[in-house]
Structure formats: C-alpha cells, structure tokens
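Next come the chains, spelled out residue by residue.
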Number of protein chains: 2
Amino acid sequence: MEDKRVKTVKIGLLGLGTVGGGVYKLIERQKKEMVNKTGANVEIVKILVHNMNKKREGVDPSLLTDKWEDIITNDEIDIIVEVMGGIEPAKTMIKEALKAGKSVVTANKDLLAEYGEELLELAKKNHVDLMFEASVAGGIPIMRPLRKCLLGNEITQVMGIVNGTTNYILTKMFEKNMSFEEALAKATELGYAEADPTADIEGLDAGRKVAIMASSAFRSKVVFDDVYIEGITKITSSDIQYAKSFDSVIKLIGVAKNTESGIEVCVYPMFVSLDHPLASVRNSFNAVMVHGDAVDDVMFYGRGAGEFPTASAVVGDILDVARNVVWGSTGRAVNTCYRDTPVKQFEDIENKFVIRMQVDNKPGVLAAISSVFGDHKVSIRKVLQNIISDEIAEIVIGTDEVKEKYMKNALDLIVNLSVVKEISSVIREY
Amino acid sequence: MEDKRVKTVKIGLLGLGTVGGGVYKLIERQKKEMVNKTGANVEIVKILVHNMNKKREGVDPSLLTDKWEDIITNDEIDIIVEVMGGIEPAKTMIKEALKAGKSVVTANKDLLAEYGEELLELAKKNHVDLMFEASVAGGIPIMRPLRKCLLGNEITQVMGIVNGTTNYILTKMFEKNMSFEEALAKATELGYAEADPTADIEGLDAGRKVAIMASSAFRSKVVFDDVYIEGITKITSSDIQYAKSFDSVIKLIGVAKNTESGIEVCVYPMFVSLDHPLASVRNSFNAVMVHGDAVDDVMFYGRGAGEFPTASAVVGDILDVARNVVWGSTGRAVNTCYRDTPVKQFEDIENKFVIRMQVDNKPGVLAAISSVFGDHKVSIRKVLQNIISDEIAEIVIGTDEVKEKYMKNALDLIVNLSVVKEISSVIREY
C-alpha cells in the first residue's frame, strides 16, 4: 500500500500578486511530478483576490474569490498558502485557518517577525504545520537547514546579506562608483526597489528577517522591535572609497549572535574584508552565514527575492506539508522557542568602527581626538588622513572592538571639539 | 498531550572512528536540548567496534560490542547509525537493519553511490527512514535542501567542489606557488590527506558524491560507474600560472547536468573564472551550486569533512528520524528514482578546453594546429604563446564548447604533427 495512497491535497491561496502568481505557475508546472515526489496531487482550489474583475492570464477564473471565509471554512482545503504580506488581515486569516485545522505555508516576514511564536504555538495546539521558508532570503533554503539539518548544533551566530535591493545599490556604488541616489534610481528602474523603498533602504526588511532567523537559530523569542536597525541612506561615495582603501566593501549586514550575556540582533552597513565570503555576494543576491559549534561556518547563497525564487521556497514548503497531510503526520512541531534568553541592550554590544571626520588641518588635532577616545576605552587601530584644503583635513579612524555606549559617549564629546568640523560617517566593521 | 509524549529513542552506532566519535560526543553535548528540539531523548545504547580492548576516552565501555548481530537484532534499538564506511560489511548490516524495521542514518558515500536506490527501496518497503545527509559535503546541508526545499524545482544542474583535500592542494598551488607534491605533503601533514590519498587526488571521492547528488536531484538512478573521472595529479605549476593569466583558478569540479539528451556526470579539474562564486572557495572548504528552474542558482558552502562537521550532518539526520520515530511517521519516502533518464556517453559531452603544448618555435605551427582543430569542429577562442628557447615555444589554446570526441580526435592528430613536441595539459574550462 505504501506508495499507493495517493491523495489530492487541496490548497487555498491567499493572494495572487507576484509571489502568488509564481506559486500558481510553479504548481501547474510541477503537476506531473508531484505524485512521485510527495505521494500527493497538489491542487489549488481557491484563490483569494482583491479585485475579481482584474484579468489574470492563465488562471482559471472559477478559482477566484474575494471572500476569505470561503477559503478558511472550506472543509475540502488542507493547506492555506498566505502570500499577501503585511500584518493584517493576514494574521487573522492565518489564525482562523490554524484553528480550523488547516496547515499554513506563508512567506510573510512582517507577520513572522512579530507573531511567529504565537502562530507556531497555535499550529502545534491544532496539530497542523506552519512553514515559512520563503519569509527569509527568498528561494535560499535557510529555515529548514536551521531548524533541521543543523539541529545537532548550538548555533552561536547567524549573519548575512538578507536584502537584495540594498545589496544591489551598494554593489553599484562600489563597482560603478554610482552615488546612492543614482544606484537607487537604477534599482527602481529594474524593479529591485519598490516605489516606496523605505523598508529596504532603512533596513526594516532585513531586520524582520534577522528576528525570524534569530528565533529559529537560538530557540528563544526575538521580535522585530528587538532588532537595532540602521539603513544605508547615509552611505556616501567617500565611504565606499575608504572601504576600498581598507581592502573592504560596504554591505548591509544583519547579525544575530547568541552570547553568554544575551542575544544581539542588529542590522547596519558594515565594512567587510574582501577575503570574507560575503564580500563577493554581488547585486541582488543574498547570503546567510551560520556558525554552529559542530559544523563551524556554513553559508547559503542565492536569490533572496523575485517571483520564482520565492515561489520555489513556498512550493517546497507546500510539498513538505502535503506529504505530511497524506501520511497524517502534520503538527509534529515541538517547542520552538523553549529558551528564554534575554536580548542584550544595544549599548552593550561591542563593535569595531570606522569613523570619518572633517577636522582643522593643523597639528595636535589627532592628539585631541585620540585623547577623548582613550578616555572612553576606544583603542585606535588605524588612521588615514587626507588634506582637503589648507584649512581642512579628513581623518578616517579604525578602532578595535568597543561597546556601543562608550563609542557614543566619545563621539558626543568629539563632535564638540573646536578642531572638529563634522563627523561625516560612523560605520561598523565586521 | 502533544508535547508530552517524550520517548527515549535508542541508537545503535556502527563504528567509532573519527565520525563515530564525533557523533557520540555531539549527542552527549546535546542531551539537554534534544527533548525540546525533537520531543525525544536520544540515547546511544550500543556501539560496534573492531577492537574491544582499545581505550576510548569518555565512552562508557559497557556500550561496546564487537558483534553486530547484538545491535541489529536488539529490539530496543530504533535507529542504526552507520559510520564505518566502505561497501561491506556496511551494506549487509544496513540491509539487515532495514529488514528488521530499524531506520538507518549513514555517512557512507561509497555505499550510497552504488546501492543507494536499492537501500532506499528497502527502507520504503519496511516503512522506515534512510537518511544520508553526511554522505555528501560533510556538514553542509545539501541532501535535505535537494530533496525537500527545492522540490518545487526542475533541477538542471548540480556542480561544485566536493573534496576538501584536493581543494586544499589546489589552493596552496595557486596561492603559495607550491608544486602538487609539496601541496600534497602539506595536506598529509595537516591530516587533510590520508596515508593513501588515491581516492581524493584521483577524484574518486568526488565522483561518488556526484553520483549521489545526481540521483537525488534528477530523480533517476546514477551510480559511481556512470561518472567520468579525472583527478588532479597531472596539474602542474605551469597550468596554475596560465589559469592566473586567464583570470581564473583551477578547481576540481564535480558536475551533474540533466540535459535533454541525458544526464552528464563528471569530475575533473577545470579553469573557473575568478568572478564565479566557486573561485573563492579556498582551502579545505566545499561548496555546491544548484540550478533549478524556479530558484535559479543557489550555493551551499562549508566544511566538507572533519569529525564535528560530519557529525553535525549525522546528528541532524538522527534527530529528524527520532522525531519520526516518536510520531510514528517513519517511512514516508516516496519514489526516489522514479525517472529513468539515460546517462550520456562521455564522448558526447560538450566542454570548453584549455590546451597547453610545446611546439617548434617557427612560423606556420599555429596554422597547422588550427587547421586540425578546424577540421574537428573545434573553434579557438584565445591563444597565448611563450618563447621557451630558440627551438621551443609553448602555446596555450582556449577553445569554445566542443564534444569530447571531436576534441579527442583532434588531439590524436595534433600530437602526431611533426611540429608538436608534446601536449602538456588538457584542462576543461567551466
């Protein structure tokens, strides 16, 4: 009997935008293979859309509905696939679906980053699956590796490039000497950046992914609000040039560390040395590096967004859940966030810094600055100085690791030194 | 009840060498976490060893046995973990274990590359799991991503660096200008190469991994004997220098392609352009790049060998199976090799080539060589020429893609041209 119990697993799709459309097409494309791959025929039987009148190429109009209750209360449907994004109404719909005993596959990072634990607990309580591979880094397998393959590890760090838009912008600034504005315009033109690029360029999108990865890797609840976030809008061509002279590149890095004094979760632009594997992650590609006590460093690289890469992750989850539906083995989740590790205060996190400032072009200036740094436990590792004019010099100082609060205190004093005209940039170094 | 059904899942470990020792230690280390992670207490209750008298630091001697039947016929044991390597007696033991209704986790690439399908069918028939993440690329999650996360894709290519020893050697030849012999000696000294390095340097180890990955990715049976294999023993410092002048690096690449005319499976040294992600995989690190129709390119990078990285993969599998044991959901495998795609004849595979030869230093030589190439559908893309002496010149020719058989025919004629002293190397280009 074992390979004969082919069942048709029925899907309700919430949303038919870019990702939803990709999921629809990919399931059509895989129709013939599915039974062999999973023991199930997977079929989309209902699709929730906003506008019933919009023409949708290649989609059977009889599947469309604008009433979500039709889907959630439909007893035929085994799996709800939520690809609308945003907190509400997705949250309500997913909760209702879970309560109705349906498994859920979602690509919704906004929701997972805030209510992930609550939803996972609800899935567990109702003996159904909740999968969200697509919520982080698009098509790159990262959640299942973190939650399964690396389960024998104590994971101490997850970090990487998890936003393709900003990586594209920074790559163009580095390789083509574009300004931030030029690179953003190019990203918008190519569809990498949305009309309102705030969530990308301010680091919010990356921050959500960091929260989701940290929770899964460290088995302790981390939410979006816990993540300290700086975007890339202040990065200038000068910063990029200095990165080059330091044999580095600037990347927007999401970092989650599980330290003895708590979890650190941050997103900010960082100098990354050219010989680090993340330095060669170019354009809109993403990459996540995981450090475990047994496996050492592993890296996952690929396309972090886009119709088909994201649909690849969603459909991978659908087929996994479908297999569980066929075999009656949904809901085997165990305690996801069974630990209660505190999230560290940002001011207590240690970082290396590169600080660029405009100062008076006269003797004694570096001594004055160094003295303030010295008083605040900041140890200077390297200094570059460029004469800008007879009056003005530009100094770039690289520091050793120091707590954020000491650096902040030092900079608050330095900016008020009479010899300092301006602190032009403060960028961390990986 | 859902999180209360904690069960002790009992393991019989076959082998206590490097990987077996790592598995033992890692399971000890994870003892407290396991229940939360999987809902099960995992406990090693028997260990098969050759020599009962050998001292084994930190291992309870009462667990040891030198009779494998004690383990396979032990009704208490749920999961057999095979980390001995080699075809026999591992094959017999695994088959007996599967028939006895025990799930199996193995790191055995030799076995999987020849008898993978047979063993998977046997597992399916007996409603148990057979997992083998550790058989390819050590700690790097690659089998589960291929078999689960990327299931929505038609995978057309899997390629990469899957042998750490040869990658270490090639890295030292490239970066430190070592000869092959010097680099091999260094690898042996550091424990990266075994006393008999044949399986590594001749590409056999990589070939086994390519067969396993191809079967899983393309869902069609591919065995070790199907793989065309060349090792790195003929690579010289001159080849490395020419690679540099072509902005490339030489890597031992395993390639599996699913083309319309059949499956291609090969292992050979290749020129890889410096801007390809695999070029920056240094020392003993491994990396596998997968191309799927939806996901595009994804890459998995990390440590392909070693006690703890390999144990990480084995324990990941153990915990996955343990969860299935607790929930009664083992044996959900479906048709693994449900397709029957032919493996292409090697002579019909197309490659780009870089050919280095010593020729008479006189006019007309390149014309003579080009003419033979032209007659055999070989189109020349670039030529480098170095004068070695008054009499001898070295020519390096880069070609476009051409079938292996045409290239072979051309070279058979070229080597017999009176103006050609020697064909020094024939290396493919990715």
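The preceding data block contains the structure.
Worth saying up front: this structure is predicted, and the values here are computed from it rather than measured.

### Considerations on the packing of helix 13 (residues 365-375) of chain B against helix 14 (residues 404-414) of chain B
Residues and elements named next belong to chain B.
Point 1. Direction vectors running N to C along helix 13 and helix 14 enclose 150°, while the axes themselves pass 9 Å from each other. Here helix 14 runs roughly antiparallel to helix 13, going by the angle between their axes. Two packed elements cross with a definite hand, and for helix 13 against helix 14 that hand is right-handed. Of the residues in helix 14, those in contact with Ile-369, Val-372 and Phe-373 of helix 13 are Met-407, Ala-410, Leu-411, Leu-413 and Ile-414.
Point 2. When its residues are assigned to classes, the contact of helix 13 with helix 14 shows eight nonpolar, no polar and no charged.

### Focus: the pairing of strand 14 (residues 380-387) of chain B
Residues and elements named next belong to chain B.
Point 1. Summarising the sheet, strand 14 and strand 15 (residues 392-399) pair through seven bridges and their orientation is antiparallel. Bridge assignment links Lys-382 to a residue of strand 15, and that residue is Gly-398.
Point 2. In this structure, the hairpin formed by strand 14 and strand 15 is closed by a connection of four residues.

### Quick notes on the nonpolar core
Point 1. Ile142(A), Val290(A), Ile142(B) and Val290(B) are the most contacted members of the largest nonpolar core, which has 191 residues in total.
Point 2. Listed in part, the 39 residues of the second largest apolar core include Val23(B), Ile27(B), Val49(B) and Val325(B).

### A word on the relation of the copies chain A and chain B
Relating the two copies of this chain is a rotation about some axis coupled with a shift parallel to it.
Point 1. Of the two same-sequence chains, chain A is brought onto chain B (RMSD 0.0 Å, axial shift 0.0 Å) by a rotation of 180°. Classification of the inter-copy transformation places it as that of a two-fold axis. Considering only C-alpha atoms, the residue of chain A closest to the rotation axis is Phe300(A), which sits at 2.4 Å.

### Quick word on the pattern of salt bridges
All names here are of chain A.
Point 1. The full count for this structure, using the stated rule, is 66 salt bridges over all chains.
Point 2. Between Lys-7 and Asp-78 there is a salt bridge; the shortest N-O distance is 3.7 Å. Of this pair, Lys-7 sits in strand 1 (residues 7-14) while Asp-78 sits in the loop between helix 3 (68-72) and strand 4 (79-82), and the two are 71 residues apart along the sequence.
Point 3. Note that Glu-28 is salt-bridged to Lys-31, the shortest N-O span being 3.3 Å.
Point 4. Exposure remark for Glu-28: the relative accessible area of 38% places this residue in the partly exposed category.

### Description of the packing of aromatic side chains
Point 1. If you walk through the whole model with that rule in mind, you get 13 aromatic pairs over all chains.
Point 2. Measuring from ring centre to ring centre gives 3.4 Å for Tyr228(A) and Phe346(A), while their planes differ by 10°; the resulting arrangement is stacked. Of this pair, Tyr228(A) sits in strand 8 (residues 228-229) while Phe346(A) sits in the loop between helix 12 (307-327) and strand 13 (350-360), placing them 118 residues apart in sequence.
Point 3. For Tyr228(A), a relative accessible area of 25% puts it in the partly exposed group.
Point 4. Accessibility expressed as a relative area gives 21% for Phe346(A), which makes it partly exposed.
Point 5. Through a chain of ring-to-ring contacts, the aromatic side chains of Tyr228(A), Tyr268(A) and Phe346(A) assemble into a single cluster.
Point 6. We note Arg208(B) situated over the ring of Phe224(B); from NZ or CZ to the ring centre the distance is 4.6 Å.

### Remarks on the environment of Ile318(A)
Residues and elements named next belong to chain A.
Point 1. Looking at where Ile-318 falls in the secondary structure, it is placed in helix 12.
Point 2. Its relative accessible area of 0% is what places Ile-318 among the buried residues.
Point 3. For the pair Ile-318 and Val-383, spaced 65 residues apart in sequence, the C-alpha separation works out to 53 Å.
Point 4. Once residues within four sequence positions are removed from consideration, Ile-318 is found in contact with Ile-11, Val-23, Ile-27, Val-42, Ile-79, Val-81 and Val-105.

### Section: helix 13 (residues 365-375) of chain A
Residues and elements named next belong to chain A.
Point 1. Within helix 13, the full set of buried residues consists of Val-365, Ile-369, Val-372 and Phe-373. Summarising the axial view, the buried residues of helix 13 lie within an arc of 100°, below the 170-degree limit, and thus occupy one face. In helix 13, the exposed positions angled more than 90 degrees off the buried face are occupied by Ala-367 and Asp-375.
Point 2. Tucked inside the fold, the buried residues of helix 13 contact strand 13, strand 14 (380-387), strand 15 (392-399), helix 14 (404-414) and strand 17 (420-429).

Cut-offs used in this document
- Residues numbered from 1 in each chain as written.
- Chains lettered and ligands numbered in written order.
- Predicted model: local features only at pLDDT ≥ 70, side-chain atom pairs only at ≥ 80, totals over all residues.
- Heavy atoms only, no water.
- Axes fitted to C-alpha atoms, helices over the stretch in contact; angles between N-to-C directions.
- Helix = DSSP H or I, 4+ residues; strand = E, 2+ residues; numbered from the N terminus.
- Parallel < 35°, antiparallel > 145°, perpendicular 65-115°, else oblique.
- Left-handed = near helix turned anticlockwise from the far one by under 90°.
- Contact = heavy atoms within 4.5 Å.
- Nonpolar A, V, L, I, M, F, W, Y, C, P; charged D, E, K, R; others polar.
- Pairing = 2+ DSSP bridges.
- Core = buried A, V, L, I, M, F, W, Y, C linked by side-chain atoms within 4.5 Å.
- Buried < 20%, exposed > 50% of the residue type's maximum accessible area, 1.4 Å probe, protein only.
- Least-squares fit on C-alpha atoms with pLDDT ≥ 70 in both.
- Salt bridge = Lys/Arg side-chain N within 4 Å of Asp/Glu carboxyl O.
- Phe/Tyr/Trp six-rings, centres within 6.5 Å; stacked < 30°, edge-to-face > 60°.
- Lys NZ or Arg CZ within 6 Å of the ring centre and 35° of its normal.
- Arc of directions from axis to C-beta.

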